[in-house]
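# Observations on the model geometry
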Amino acid sequence: MLIKLSGGRVYDPAHQIDGKVLDIYIRDGRIVSRPRDDETIDQTYNLSGKVVMAGAIDMHTHIGGGKVNIARMMLPEDHRADPSHHSALCRSGCGHAAPSTFTTGYRYAEMGYTAAFEPALSPVNARQSHLEMGDTPIIDKGGYAMIGSDDFFLRMLAAKKDQNAINDYVAWIMHASQAIGIKVVNPGGINAFKFNQRALDLDEQNVHYQVTPREVLKALSRAVHELGVPHPLHVHGNNLGVPGNMETTLKTMGASEGYPLHLTHIQFHSYGTEGDRKFSSGAAAIAEALNKNKNISADVGQILFNQTVTASGDNMRQFANSTLGSPRKSVIMDIECDSGCGVVPFKYKDQNFVNALQWAIGLEIFLLTDDPWRIFLTTDHPNGAPFTSYPHLIKLLMDRTFRNEMFAKLNLDAQAMSTLASIDREYSLYDIAIMTRAGAAKLVGLHDRGHLGVGAGADITVYTDNADREKMFAKPDYVFKDGELVVKDGHVVKVTWGHTHTVKPDFDKAIEKDIKQYFDKYHTMNMENFKVSNDEIAEGGRGGIAVQACEGRREKSL
Amino acid sequence: MSALTFSLKQELIQKLDVSPITPDKLSDKNIGEISATLLWYGKQQLRADNFFLISGLDTQNIVFDNCSAKVDYIGNGMKTGRIIVNGNAGAFLAFQLQKGEVTLNGNAADFAACAMAGGLLLVNGNVGDYLGGALVGDRKGMRGGTVIVKGNAGERTGDQMRRGLILIEGNVGSYCGSRMLAGTIGVLGDVDDYIGYGMKRGTLLLTKTPKLHATIQDCGTHTLPFLSLMFKSFRNLPSKFSKINQNRVQRFAGDVGNDGKGEILVLQ
Ligand SMILES: [Zn+2]
């Protein structure tokens, strides 16, 4: 089957193509070069006047795993209020803030997204996460294994184990949990919470292990780099949501001593303590540091006003926030030797000073950070807002007039504390394509996604250009997933199953001896059962594993 | 004007959701529109006249004749008027009832008066479990109104009840008043084990001392003047409770496992 996408205006930042009119050819799910004149083209889509981009990639969205499921169970009102009925093609589902798995897949695809990554896959819960993602149709997916507060790793750090052993453990975790990255949440803090610490700063010791978040960050960022894993250590820093946490965030940027770090939902970590209410924007300083430190990338975690639910591995901060929840309920959980989590429903209000300023801080960071290859478009779904609000967020970034109109409706005290109205920058379609396609693919390490070059997987989204960017990005004309037309005019027309992207870094298998001993002594499951196999993920025709290339093991870097 | 009557034509195989058939939702509709009302039947939506012979004109007085336990959500969210059900009713009878009256001449399945907020539900028969409870997953049950049951009620009667009155003339299953937050439940017959389990506040009024679990505490015998006022307020209710006038009770407090401010009063 040879398909021609004819005459669309193409935005492909990976190849520096900025709105050039080009034909794209697809054969057997891949983008191919222009065929010979005597080859028959089976199907042609006339895309003249349309905007063509690679399928969008959400590099941080909570779509599978324990805490999402807790959020689903906790919020029957969320599900009742937002039902989606079954159709001849799609299954029924429900949920605005925490949609069910099938609905998640359909809604992403209908918005032109073809991949989404679960950033907090707890290794002990990896099977559950992959099963949920296995029920999420159409889009590709993957997960970042969450370690750094796990007992085994903290023991290694406390015992001053050699970096090579740590690298082996990290690689083992990535294999066992079928991950494509490593994430650390409140480094060491999830564990410190279990020893009754209620706050933990970058250089503060965990009372039990006597290790600091800085040591955790250094060991893990180095491990990820030395293993050749393309995605840098994914960091949810200490002190999330705490006024004045911008200092911690600035220090965190230096904690890896030059190794790459990705700071996630940085909006929640960019608060100062100025003003009458001791809560102010740290966006300018954070953006300046991002501009300066080329080894650091970030996604924003923009908040948007409405009911949502916050779900995080950060039990320490979620416990502190649990009294602010609306509706007032919460789950704070200890998860075996590995981690913890906290789920707190939240309603962001534009007339609330703090929420309004959070909204402005997020946008300030977007607009003050120069390099779109190192800042990513997220709402930390569902923590800042559900992923379905991305088109609205894109409009805020691309349309200054609209942004200023929205800003003028905010809590007045918050307006007085923000410089947002004075920022003229508007993102271009090219910038958006970087943030949501080329940059995201590069950051996650998806070599054959996020671009439209020959050999790439044919994940392609076609939009009708519209000055109202929210309308444009909410309803693509066509979405192709691996060369198949899956969405037409914003509605699913075919249900396919995406790949689960992973990396498989080399490691010394001898580490399993220590790990097995540890499992036998402390864990509730056998080490072998902890591992998620390739077959489990492919079971029932639900996609399969796609192994992305690792750059190979680097001994002693820097 | 004769009551708008829905007479069930045949035995149902699937559950039938009659939420759209209430006086307020049909008030401005003609018979053609009423017949065409779409109802969920299992997983399909079908016209009301597929299931019912429809007659009468008075949309403020609706009657279900020959009704069955497969008919769910009778009186859903009703705000005005009156519904009389002859035969049995399915789950969620008087679900989120706000105002008006629902009378059942037969037995109801589970979740009758679920999340009810006001009005009157009168059952001349028995009801299933979770009478006056919360919608699954919600933290608060019935919020107001009056429920009178002439027969027996199942388990978990008044689970998480927040306000309002439930009066049962027959017996009640186990866990009566479980996790109750406030409101009043009266029972003339027997109650099964674990009455007031996890009860936070609220009042359970009984005529016989029940079997009590360990975290319900005996507080001795008292004369409580407020009972006279309460029974006076029952005078006009179509229930045997309207005949009671007594204020000497043995008082138990609980569930101490959950705040313990609830009370179980046994008339002496
Ligand atoms: Zn997140």
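For the structure given in this document, a descriptive report is provided here. (Residues numbered from 1 in each chain as written. Chains lettered and ligands numbered in written order. Predicted model: local features only at pLDDT ≥ 70, side-chain atom pairs only at ≥ 80, totals over all residues. Heavy atoms only, no water.)

With that settled, consider the coordination of the zinc ion. All names here are of chain A. Within the protein, His60 (NE2), His62 (NE2) and Asp380 (OD) serve as the donor atoms for the zinc ion, at 2.0 Å. Spacing between the donor residues of the zinc ion along the chain follows H-x1-H-x317-D. In terms of burial, His60 and His62 fall into one category: buried. (Donors = N, O, S within 2.8 Å, 3.2 Å for Na, K, Ca; no water. Buried < 20%, exposed > 50% of the residue type's maximum accessible area, 1.4 Å probe, protein only.)

Residues and elements named next belong to chain A. The strand order across the open sheet formed by three strands is S17-S19-S18, and the pairing between neighbours is antiparallel. The sheet is open, and its two borders are formed by strand S17 (306-312) and strand S18 (331-335), each paired with just one other strand. Adjacent strand axes in the sheet meet at a mean angle of 15° when their direction is disregarded. The pairing of S17 with strand S19 (residues 339-348) spans seven bridges and is antiparallel. Its bridge partner lying in S19, Asn306 is registered against Tyr348. Against the sheet, helix H1 (residues 66-74) engages S17, S18 and S19, with an angle of about 45° to S19. (Pairing = 2+ DSSP bridges. Helix = DSSP H or I, 4+ residues; strand = E, 2+ residues; numbered from the N terminus. Axes fitted to C-alpha atoms, helices over the stretch in contact; angles between N-to-C directions. Contact = heavy atoms within 4.5 Å.)

Attention shifts here to helix H12 (residues 353-368) of chain A. Residues and elements named next belong to chain A. Here H12 contains 16 residues, and its C-alpha end-to-end distance of 22 Å stays within 8% of the 22 Å for a straight helix at 1.5 Å per residue. For H12, the tally of buried residues reaches 14 of 16 residues, placing the bulk of the element in the interior. At the N-terminal end of H12, a side-chain oxygen is found 2.8 Å from the backbone nitrogen of Val354, two or three residues along, and the residue is Asn352. (Expected span 1.5 Å × (residues − 1). Polar contact = N/O pair within 3.5 Å; in protein donor to acceptor, adjacent residues only side chain to side chain.)

Residue and element names in this part refer to chain B. The sheet built from four strands is open, its strands ordered S4-S3-S2-S7 with mixed pairing. Bordering the open sheet on either side are strand S4 (44-47) and strand S7 (71-72), each of which pairs with just one other strand. Sheet topology note: the strand S2 (residues 16-17)/strand S3 (residues 38-41) ladder contains two bridges and is antiparallel. Residue pairing across strands places Asp17 opposite Trp40, the latter belonging to S3.

The next subject is the environment of B:Ser7. All names here are of chain B. Among the secondary structure elements, Ser7 is positioned in strand S1 (residues 3-8). You can call Ser7 partly exposed: its relative accessible area is 21%. C-alpha of Ser7 to C-alpha of Gln60: the two residues are 53 residues apart in sequence and 17 Å apart in space. If near-sequence neighbours (up to four positions away) are discounted, Ser7 is found in contact with Phe51, Phe52, Leu53, Asp65 and Asn66.

Moving on to the pairing of strand S25 (residues 500-503) of chain A. Residues and elements named next belong to chain A. Going residue by residue along S25, you find Thr500 and Thr502 tucked away on one face and His501 and Val503 tucked away on the opposite face as well. Inspection of the sheet shows S25 paired to strand S26 (residues 545-548) by four bridges, in the parallel sense. Bridge assignment links Val503 to a residue of S26, and that residue is Gln548.

At the junction of the two partners, chain A supplies six residues and chain B supplies seven residues. For the pair chain A and chain B, the two sides together bury roughly 430 Å², of which 51% comes from carbon and sulfur. Across the chain A-chain B interface, the total number found is one salt bridge. B:Asp138 is the salt-bridge partner of A:Arg80, the closest N and O atoms lying 2.9 Å from each other. Summed over the shared surface of chain A and chain B, the number is one residue pair in polar contact (both at pLDDT 80 or more). Here the residues of the side of chain A that touches chain B are counted per class, giving one nonpolar, two polar and three charged. (Buried area = accessible area lost by both parts, 1.4 Å probe. Salt bridge = Lys/Arg side-chain N within 4 Å of Asp/Glu carboxyl O. Nonpolar A, V, L, I, M, F, W, Y, C, P; charged D, E, K, R; others polar.)

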